[in-house]
Each structure stands twice: as structure tokens, then as C-alpha cells.
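Spelled out from the first residue to the last, the chains are:
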Amino acid sequence: MICGDNILKLDIIGSVASGKSTLAREISEKYQIPFYEKDNIIWKRTPNGDKKRSPEERDRIFKEIIEGGNWIVEGTPRKCLNESFAYSDYIIFLDINTCTRLFRVFRRWIRQRIGKEKYNSKPTLKFLYYNIRWVFEFNVERKEMSESLSKYGTKYITFHNSEQAMQFIEKIYS
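Residues numbered from 1 in each chain as written. Predicted model: local features only at pLDDT ≥ 70, side-chain atom pairs only at ≥ 80, totals over all residues. Heavy atoms only, no water.

J.: What should I look at first to understand the overall build of the chain in this one?
T.: The helix and strand tally for the chain stands at seven helices and seven strands. The C-alpha atoms of the chain give a radius of gyration of 16 Å, which matches the 16 Å a tight globule of 174 residues would have. Taken along its principal axes, the extent of the C-alpha atoms in the chain is 45 × 35 × 30 Å. Considering the chain as a whole, with its 174 residues, one finds that 39% of them fall into the buried category. By sequence separation, contacts in the chain at least 24 residues apart represent 72% of the contacts at least 6 residues apart. (Helix = DSSP H or I, 4+ residues; strand = E, 2+ residues; numbered from the N terminus. Rg over C-alpha atoms; globule rule 2.2 N^0.38 Å. Buried < 20%, exposed > 50% of the residue type's maximum accessible area, 1.4 Å probe, protein only. Contact = heavy atoms within 4.5 Å.)

Now the structure itself:
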């Protein structure tokens, strides 16, 4: 748990299947602070499927999170949710190699199809296709994204695996 005046505000970004949610969950459990998936801020999850939130509702929810105490937000960088970068102590970019991300996309899809892993979006072939496409689209957008985040200086940090990121967090917040 974060003690005293230590506040933890992290934005974890990366491609589909880079390990963002897993890392956010691990940090959340270790330090007893909430984490939020940006997808769940954009989408309202209902038994009848996902419904996109209105921009006003999305912005209200996100503002409540980032203006609060301790938090972790994670997701692929979205222009409508970039406000958290200014509020973050650190912006952690999980820059995982393409082969690993593709392997994880396929493994996740299979595990979801056979009921071994929960999902927000039904694991259809179409959704598998979109995930593969997003992996490659992220590769194209990576350089521009990294350049735009460099304005945040030392609070923007790239890691090539989750273990490095967790070690950094433990060192900073121990």
C-alpha cells in the first residue's frame, strides 16, 4: 500500500496484447489502488453487448478518475483520453515485440473461445482479425506516438517487458 504523502498515478500504454492490463492489475494488487481500463471508460459493458458512452459521460467518468487520489489507467493511446498524461506521475510505455504480441493475441483468442479466459468482446474470427490488424497499426503509429509523448520528459518511460516496468515501480514506490 502507498503510505503517507506518496501518491501513485500511472498511465500504462501499449499495443493490444502488450501486457498493460496484467501489469496494471499486479501494481493495483500490490499497492492496493484502483486501476481502470480505458476501454471500459469508452464502452459501457452490458449483457446485450457493448454500448459506446457519449463523449460527455466518458469525459465525466475519466475526469473523476484522474482528478482523484491514487490510480492506474491503462490502454492503447486514445486522443480523447490523453488528459491523463498531464496528471500522471509516470507514463509507462510497454513496447513489446511484434511476435510476442501476435502470439498473445492468438493465445488469448483461443483461451476465450474455450472458456478459459474472460472477455469483453466476443472472441469471433472478426475480432481476432481486428486484434491482428491493431498490432500492425500500432507498429506504424509507434514512432509518432513516442515523439508526441517525449514532451513529458522523464515521466515518459519505455520498457520492453512488464518485469522491467514492475521493478521500476517497486524501486520508486518502495
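J.: Looking at this structure, how should I read helix α3 (residues 55-66)?
T.: For an α-helix, 3.6 residues make a turn, and residues three or four places apart therefore share a direction. Between its first and last C-alpha, α3 extends 16 Å over twelve residues, near the 16 Å set by a 1.5 Å rise per residue. When we look at burial in α3, the residues that qualify are R58, I61, F62, I65 and I66. Down the axis, α3 shows its buried residues gathered within 125° of arc, on one side only. The exposed set on the far side of α3, more than 90 degrees from its buried face, consists of E56 and E64. Those residues of α3 hidden inside the fold are in contact with β1 (9-14), β2 (35-37), α2 (38-42), β5 (71-75) and α4 (84-87). (Expected span 1.5 Å × (residues − 1). Arc of directions from axis to C-beta.)

J.: Explain the packing of helix α1 (residues 20-31) against helix α7 (residues 162-173) here, please?
T.: Relative orientation of the contacting elements α1 and α7 amounts to 25°, with a least axis distance of 11 Å. Looking at the two axes, α1 sits roughly parallel to α7. In this structure, the crossing between α1 and α7 has a hand that is right-handed. The residues of α7 that touch α1, namely those facing L23, E26, I27, K30 and Y31, are S162, A165, M166, I169, E170 and Y173. (Axes fitted to C-alpha atoms, helices over the stretch in contact; angles between N-to-C directions. Parallel < 35°, antiparallel > 145°, perpendicular 65-115°, else oblique. Left-handed = near helix turned anticlockwise from the far one by under 90°.)

J.: Help me understand the packing of aromatic side chains, please; the structure alone is not making it clear to me.
T.: Each aromatic ring pair is characterised by the separation of its centres together with the angle its planes make. Under the counting rule described, the total for this entry stands at nine aromatic pairs. Relative to W134, the ring of Y130 lies with its centre 5.9 Å away and its plane at 15°, an arrangement referred to as stacked. Residue Y130 and its partner W134 are both found in helix α6 (residues 125-149); the two are separated by four residues, about one turn of the helix. Of the residues examined, Y130 reaches a relative accessible area of 26% and is grouped as partly exposed. Ring centres of F159 and F168 lie 5.6 Å apart, and the angle between their planes is 45°; this geometry places the pair in the tilted category. The exposure class assigned to F168 is buried, which follows from its relative accessible area of 18%. Through a chain of ring-to-ring contacts, the aromatic side chains of F127, Y129, Y130 and W134 assemble into a single cluster. (Phe/Tyr/Trp six-rings, centres within 6.5 Å; stacked < 30°, edge-to-face > 60°.)

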